[in-house]
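An overview of the molecular structure
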Amino acid sequence: MSETTTTVAGVAEAASPIPARIYIYKRYERFWHWSQAALVITMLISGFEVHGSYTLLGFEPAVRLHTLAAWLLLTLWAFTIFWQFTTGEWRQYLPTHKRVAAMAMYYSWGMFRGAPHPFRKTVQKKHNPLQRLAYLGLLAMISPLIWGSGLLYLFRAFWPSLGIDQWLTLEWVAWAHTAGAFLMLTFFIVHVYLTTTGHTPTAHIKSMVTGWEELHDDDAHSADTPSAPPQGH
């Protein structure tokens, strides 16, 4: 064997442990993501019809569909919260200040000029710092506003017995719920847009469907996770 052949073989052997892709999103994680997306879209469409923005299903069917989707989403969240804490996945959403400025510069300027992405996904770190802050805003502000006002609206008949009607009006609850809906719609639009900012416009969407994240030359060095899905996932 020539020295050149030996060198090439040695390089190939050294490079072989690096997988072409890594398994990022588990089965339940993908089920939860797409189920939540479908329910949120259903609630937005039916909710804005109840608000009077347009006529699609009719007022009463829209109210029934909106209420059903809300209860289904609450049930899904209950299972998901249990899953997050039993698997330790809740740590993925802990906010951090590291590289926040770098991510902001990348999204506002760098990605339009072909700059390298400042964050590399791993199984232990699936969300970049800006994503973590966005999810914190969703959980700490948007969700309480929507669910608090929505449940108050749904159980309006119990206000007198609880004394709520003495300090709160239905008009204020309706305005709060509508504001939460617009905030959720904004979050949804930004989220969908950012899914197109991968190596290809559909790369992030594909990884959330299959669970596999494609590796490229600029991020293969950071893949410290297995190339095959863990057993039972």
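Heads up: these notes are all about the structure in this document. (Residues numbered from 1 in each chain as written. Predicted model: local features only at pLDDT ≥ 70, side-chain atom pairs only at ≥ 80, totals over all residues. Heavy atoms only, no water.)

**Topic: the overall build of the protein chain**
Check the secondary structure of the protein chain and you find eight helices and two strands. Taken from N to C terminus, the helices and strands of the protein chain fall in the order α-β-α-α-α-α-α-α-α-β. Out of the 233 residues belonging to the protein chain, those deemed buried represent 34%. Counting only contacts in the protein chain whose residues sit at least 6 apart along the sequence, the fraction spanning at least 24 positions is 69%. Accessible area of the protein chain: about 14,700 Å², with a carbon and sulfur share of 69%. (Helix = DSSP H or I, 4+ residues; strand = E, 2+ residues; numbered from the N terminus. Buried < 20%, exposed > 50% of the residue type's maximum accessible area, 1.4 Å probe, protein only. Contact = heavy atoms within 4.5 Å. Areas by Shrake-Rupley, 256 points an atom, 1.4 Å probe, with all protein chains shown as cover.)

**Comments concerning the packing of aromatic side chains**
The tally for this structure, following the rule as stated, stands at eleven aromatic pairs. Each ring, one from F48 and one from F182, has its centre 5.1 Å from the other, and the planes form 65 degrees; the classification is edge-to-face. Of this pair, F48 sits in helix α2 (residues 27–50) while F182 is found in helix α7 (residues 170–194), placing the two residues 134 residues apart along the sequence. In this structure F182 comes out as partly exposed when scored by relative accessible area, which is 45%. Aromatic side chains Y135 and F187 sit 6.2 Å apart centroid to centroid with 55 degrees between the ring planes, which places their arrangement in the tilted category. With a gap of 52 residues between them, Y135 in helix α5 (residues 129–154) and F187 in helix α7 connect regions that are remote in the sequence. Take Y135 and F187: they sit in the same class, and that class is buried. (Phe/Tyr/Trp six-rings, centres within 6.5 Å; stacked < 30°, edge-to-face > 60°.)

**Details of the environment of T86**
Along the chain, the position of T86 falls in helix α3 (residues 59–87). Judged by relative accessible area, which is 52%, T86 ranks as exposed. Here W83 takes part through its backbone oxygen, which lies 3.2 Å from a polar atom of the side chain of T86. (Polar contact = N/O pair within 3.5 Å; in protein donor to acceptor, adjacent residues only side chain to side chain.)

**Regarding unusual backbone geometry**
At R99, a position not held by glycine, the phi torsion is positive, near 65 degrees. Considering the arrangement of structural elements, one finds R99 in the loop between α3 and α4 (100–108). R99 gets classed as exposed once you look at its relative accessible area, which sits at 52%.

**Structural notes on the nonpolar core**
One finds M43, L73, I142 and M184 to be the most contacted residues of the largest nonpolar core, which totals 19 residues. Mapped onto this core, the elements with two or more residues apiece are α2, α3, α5 and α7. It is α2 that provides the largest number of residues to this core, a total of six residues. With near-sequence residues (within four places) excluded, L73 lies in contact with Q36, L39, V40, M43 and W147. (Core = buried A, V, L, I, M, F, W, Y, C linked by side-chain atoms within 4.5 Å.)

**Let's talk about the pattern of salt bridges**
Inspection of the entire model under this criterion finds four salt bridges. Note that K126 and E89 form a salt bridge whose closest N and O atoms lie 3.2 Å from each other. Of this pair, K126 sits in the loop between α4 and α5 while E89 is found in the loop between α3 and α4, placing the two residues 37 residues apart along the sequence. Assigned by exposure class, K126 and E89 land together as buried. Put simply, K26, E29, E89 and K126 are held in one network by salt bridges that share partners. (Salt bridge = Lys/Arg side-chain N within 4 Å of Asp/Glu carboxyl O.)

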